[in-house]
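Report on the structure
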Amino acid sequence: MEEEAKEQQIARKKVAVLPWMRSPVDVSSFENCPLTQLPFLNPRLEAALCDSGIDSLFPVQVAVWQETVGPGSFERDLCVNSPTGSGKTLAYALPIVQMLSTRSVKCLRALVVLPTRDLALQVRDVFASIAPAVGLSVGLAVGQSSISEEISMLIERPKLEAGICYDPHHQPIELQSAVDILVATPGRLMDHINNTKGFTLEHLRFLVVDETDRLLRESYQSWLPMVLQCTNSTVDSFFSNPSTFGSLKTIRRIGVERGFKNKGHPRLVKMVLSATLTQDPTKLSQLHLHHPLFLTTGHIRYKLPEHLHSFKLICEQQMKPLYLVSLLKNLQGEKCIVFTSSVESTHRLCTLLKFFGDLGIKIKEYSGHQHQTLRSKTLRAFREGGVQVVVSSDAMTRGMDVEGVRNVINYDKPPYIKTYIHRAGRTARAGNSGRCFTLLHQDEVKQFKKLLKKADIDSCPVHILPSDSIESLRSTYDAALEKLKENVEMEAFKKRKLGFKSSSKMKKR
Ligand SMILES: Nc1ncnc2c1ncn2[C@@H]1O[C@H](COP(=O)(O)OP(=O)(O)OP(=O)(O)O)[C@@H](O)[C@H]1O
């Protein structure tokens, strides 16, 4: 709430916007660029992109390329504010992979931080589609597997020569990074920083903070100051005690940065991105940005994808399930995400929909309360088309990229414009078209109009459903409600029983 109020204050210009944000690079002045015309692109990367079905870069990717590999040469840190689905992931992945493609020694040089596991997995896949083409390896630190499994993927132990036995006291084993690029969530990253032998950020050249506004909102055990400290500390120790450096550290320091005098090592380049990038100076100051350059699309603060069409459905509160079912039937099995306001209502709504009888649509729940394996299974089935409708809390709001999602339904009105933008942005991605429907009762209409105005949306027509389609569902609805009531009671009973069992176990101990 506090954060939203501050952002609104900034939007009303009561808080000064940082000077460098006042003269941005306008991404909308760029056009798609065929890979064959992209300057300096490594031919092996070009081939890997073509294999992934990409033959040209989107405007935000061209703009970032220009400021990094192009004439900009990574001289400034980048803050990118670009609509959902505009291709921000490849916008940072491609220049990083291109820059690291000439590295001679493997060590951890690029770190990408994301707020959730599923997002991290998605971004890892983008890196994995191009990095191997130039001999780079990509790691993942998200707590998906056990920490020991993760460590063995991230840290390489030197192969001992046959017959030679090293005494760890006299011959410390040199642990090395097994990856050049690491995609991580803050919690697991902190585990490795604090506890994993051989895990170091001292060679880091690139730090990406994706979904920046979300990540800066949560301090996650002060992960950001810790990361910055881990990358800075080596500079001081280098000057105070140069003899402690091994070969890798020397290699890191032979590249002299262009344009920044008296520094014998590459600066840590930071890239921060979001579709709703914060303008709050206090938040941005935590990143210690170096001559930041702001890239944004057009002159509006929040921009929706070009081919997104917004609609509203007006109905009484208690009629919402009927309208939803009727709408889903109307959409005839097109891929669809239904957003609710909480994990509890996600579960209740999904259960209710299942009691509606055979709708001919496969519906699944996806929420932060579920186990990761179940969530991953649902996501896989949704991607593959086995599931057509996913009912979700905000767990799916940000960044998730599922091909073919044609519709987003706000079952509960989004509280903020940022929420609307991220939810709606699950459709109309990569230049495709999509629709976002919001269910409202009459009292909410005015407020919703005001909310959309913040993203310059003037047109949000009413979507009319055939009245007989709603009437015909009434009797099924009443029966489904009854079943839901029984189900809620049964689940509450099971929970109490489980609670009783575990508390009596505790007493026995
Ligand atoms: N140059 C390209 N050509 C074709 N498709 C692309 C290109 N770049 C990205 N895409 C596709 O566009 C989709 C959206 O990309 P991405 O997830 O990076 O968007 P985003 O800007 O990060 O969105 P969000 O703000 O929601 O996280 C993905 O499916 C991706 O594969």
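Residues numbered from 1 in each chain as written. Predicted model: local features only at pLDDT ≥ 70, side-chain atom pairs only at ≥ 80, totals over all residues. Heavy atoms only, no water.

As a reminder of what qualifies: UniProt positions are given in the numbering used here, feature names are shortened, and annotations may be inferred rather than shown by experiment.
As recorded by an unreviewed UniProt entry, the protein carries the name ATP-dependent RNA helicase and is attributed to Lactuca virosa. Under the UniProt heading Sequence similarities (unreviewed entry), the entry covering the protein gives this text: "Belongs to the DEAD box helicase family. DDX51/DBP6 subfamily."

**Some remarks on empty space enclosed by the protein**
This is how the line gets drawn: We place a 1 Å grid over just the protein atoms. Points where a 1.4 Å probe fits but has no way out form a cavity, open points with protein on both sides within 12 Å along at least 5 of 7 lines form a pocket, and any residue with an atom within 4 Å of a point lines it. Grid points are joined across faces, edges and corners, and a volume is the space filled by probe spheres set on the points.
Tallied over the full model, the rule gives 3 cavities of 30 Å³ or more. Estimated volume of the largest cavity: approximately 40 Å³. Lining the largest cavity are L108, L154, I155, S177, V179, L182, G198, F199 and T200.

**What to know about the environment of N32**
The following threshold applies: Per the convention used, a helix needs a DSSP run of H or I reaching at least four residues, while a strand needs a run of E reaching at least two, with both numbered from the N terminus. Contacts are residue-level and defined by heavy atoms, with any inter-residue pair within 4.5 Å sufficient.
Among the secondary structure elements, N32 is positioned in the loop between strand 1 (25-26) and strand 2 (33-34). Residues N32 and H291 lie 259 residues apart in sequence; the distance between their C-alpha atoms is 27 Å. With near-sequence residues (within four places) excluded, N32 lies in contact with S56, L57, F58 and P59.

**A word on the sheet that holds strand 17 (residues 407-410)**
Here is the rule: Paired strands, in this sense, are two strands between which DSSP finds at least two bridges. Inter-axis angles, ranging from 0 to 180 degrees, are taken between N-to-C directions of lines fitted to C-alpha atoms, where helices are fitted over the stretch in contact.
Spatial strand order, 13-18-17-14-16-15: 6 strands in an open sheet with parallel pairing. Each edge of the sheet is formed by a strand with only one pairing partner; in this case those strands are strand 13 (308-314) and strand 15 (363-366). Direction aside, neighbouring strands of the sheet carry axes that sit 20 degrees apart on average. For strand 14 (residues 336-339) and strand 17, the ladder comprises 4 bridges, and the chain directions are parallel.

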